[in-house]
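# Understanding the architecture of this molecule
This is what each chain is made of:
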Amino acid sequence: MYLRATAWAALLASALNVPLNAATPAANHAAPGVLALTPDRGAAWMERGLALLEAGHLAEALAAFDRAVGLMPDDPAPLVNRAAIHMRRGDFAAALGDYDAALARRPGDAVLLTARAAALARLGRYDDAIAGYDAALAAEPGDAAALYARGAARADSGDHAGAIADYDAVLA
């Protein structure tokens, strides 16, 4: 799978509603003229989308990831990055659809399961979100991001004892 580490950071930051480190340098934008000469380069569209995402140009990044999705039908990376944009924009249903499609390409991925659960939580579907975080924790036991996010979903659902238990597990 082709995906820079900063993209996973963007995914988690957006899924958990945490800002990216302001010191993260924006990558160079791929020249549109080069992409016009080689429009079938899914990886180049991904890099362009990532650079645009890091620079805060969400509409252009979304268009680049749309193109990459079509060129890389078996790769979850463009779907994940497109979902990150949907999360930033507050379109949690669209993000959920992209996370589902990404998980179909990479079943059981703990990061994707956590991000999908975050979209469910943002939709107010707390029981489904908690089940999603449980699945992420089954795939990656003790994952602090999933524990923390499950604690938040439990708190939002009114399960304060469960939330405290998850936060205690994160702090242990």
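Report on the accompanying structure.

## Examining the overall build of the protein
- If you tally the helices and strands in the protein, you get 10 helices and zero strands.
- What you see in the protein, going N to C, is helices and strands ordered as α-α-α-α-α-α-α-α-α-α.
- Summing over all exposed atoms, the protein offers an accessible surface of approximately 8,100 Å²; the carbon and sulfur share of this is 56%.

## Some thoughts on the nonpolar core
- Membership of the largest hydrophobic core comes to 17 residues, with the highest contact counts inside it found for Met 87, Ala 95, Tyr 99, Ala 119, Ala 129, Tyr 133 and Ala 153.
- Those elements that provide at least two residues to this core are α5 (77-89), α6 (92-105), α7 (110-122), α8 (126-139) and α9 (144-157).
- Ranked by the residues each element gives to this core, the list is headed by α7, at six residues.
- Judged by nonpolar contacts, the second largest core, of 13 residues, contains Leu 62, Ala 64, Phe 65 and Met 72.

## So, the packing of aromatic side chains
- This model, assessed by the stated rule, comprises one aromatic pair.
- Here Tyr 148 and Tyr 167 contribute two aromatic rings whose centre-to-centre distance is 5.6 Å and whose plane-to-plane angle is 45 degrees, an arrangement assigned as tilted. Taken together, the positions of Tyr 148 in helix α9 and Tyr 167 in helix α10 (residues 160-171) put the pair 19 residues apart, joining distant regions of the chain.
- Exposure remark for Tyr 148: the relative accessible area of 47% places this residue in the partly exposed category.
- The class for Tyr 167 is partly exposed, based on a relative accessible area of 27%.

## Concerning the environment of Arg 125
- The residue Arg 125 is located in the loop between α7 and α8 in this model.
- Note on Arg 125: relative accessible area 38%, which makes it partly exposed.
- Measuring from C-alpha to C-alpha, the distance between Arg 125 and Ala 153 comes to 9.0 Å, with 28 residues separating the pair along the chain.
- In this view, Arg 125 contacts Leu 96 and Leu 120; residues no more than four positions away in its chain are not counted.

## A look at the pattern of salt bridges
- With the rule as written, the count across this model stands at nine salt bridges.
- Across the pair Arg 106 and Asp 109 runs a salt bridge whose closest N-O atoms are separated by 3.1 Å.
- Taking relative accessible area as the criterion, Arg 106 reaches 34% and is therefore assigned partly exposed.
- The buried category is assigned to Asp 109, whose relative accessible area is 13%.
- A salt bridge links Arg 125 to Asp 128, with the shortest nitrogen-to-oxygen separation between them at 3.0 Å.

## Notes on the environment of Tyr 167
- Separated by 19 residues in sequence, Tyr 167 and Tyr 148 have C-alpha atoms that sit 5.9 Å apart.
- If we ignore the near neighbours within four places in the chain, the residues touching Tyr 167 are Tyr 148, Gly 151 and Ala 152.

## Quick look at the packing of α7 against α8
- Running from N to C, α7 and α8 cross one another at 170 degrees; their axes reach a closest spacing of 8 Å. By the angle between their axes, α7 is roughly antiparallel relative to α8. Each of Ala 110, Leu 113, Thr 114, Ala 117, Ala 118, Leu 120 and Ala 121 in α7 lies in contact with α8, whose residues at this interface are Tyr 126, Asp 128, Ala 129, Gly 132, Tyr 133, Ala 135, Ala 136 and Ala 139.

## Section: the side chain of Asp 166
- Tracing the backbone through its elements, the reader meets Asp 166 in helix α10.
- Judged by relative accessible area, which is 2%, Asp 166 ranks as buried.

## Considering the environment of Asp 66
- Structurally, Asp 66 can be placed in helix α4 (residues 58-71).
- Residue class for Asp 66 comes out partly exposed when judged on its relative accessible area of 39%.
- In this structure the side chain of Asp 66 is engaged in a polar contact, spanning 2.9 Å, whose partner is the side chain of Arg 82.

Calculation criteria
Residues numbered from 1 in each chain as written. Predicted model: local features only at pLDDT ≥ 70, side-chain atom pairs only at ≥ 80, totals over all residues. Heavy atoms only, no water. Helix = DSSP H or I, 4+ residues; strand = E, 2+ residues; numbered from the N terminus. Areas by Shrake-Rupley, 256 points an atom, 1.4 Å probe, with all protein chains shown as cover. Core = buried A, V, L, I, M, F, W, Y, C linked by side-chain atoms within 4.5 Å. Buried < 20%, exposed > 50% of the residue type's maximum accessible area, 1.4 Å probe, protein only. Phe/Tyr/Trp six-rings, centres within 6.5 Å; stacked < 30°, edge-to-face > 60°. Contact = heavy atoms within 4.5 Å. Salt bridge = Lys/Arg side-chain N within 4 Å of Asp/Glu carboxyl O. Axes fitted to C-alpha atoms, helices over the stretch in contact; angles between N-to-C directions. Parallel < 35°, antiparallel > 145°, perpendicular 65-115°, else oblique. Polar contact = N/O pair within 3.5 Å; in protein donor to acceptor, adjacent residues only side chain to side chain.

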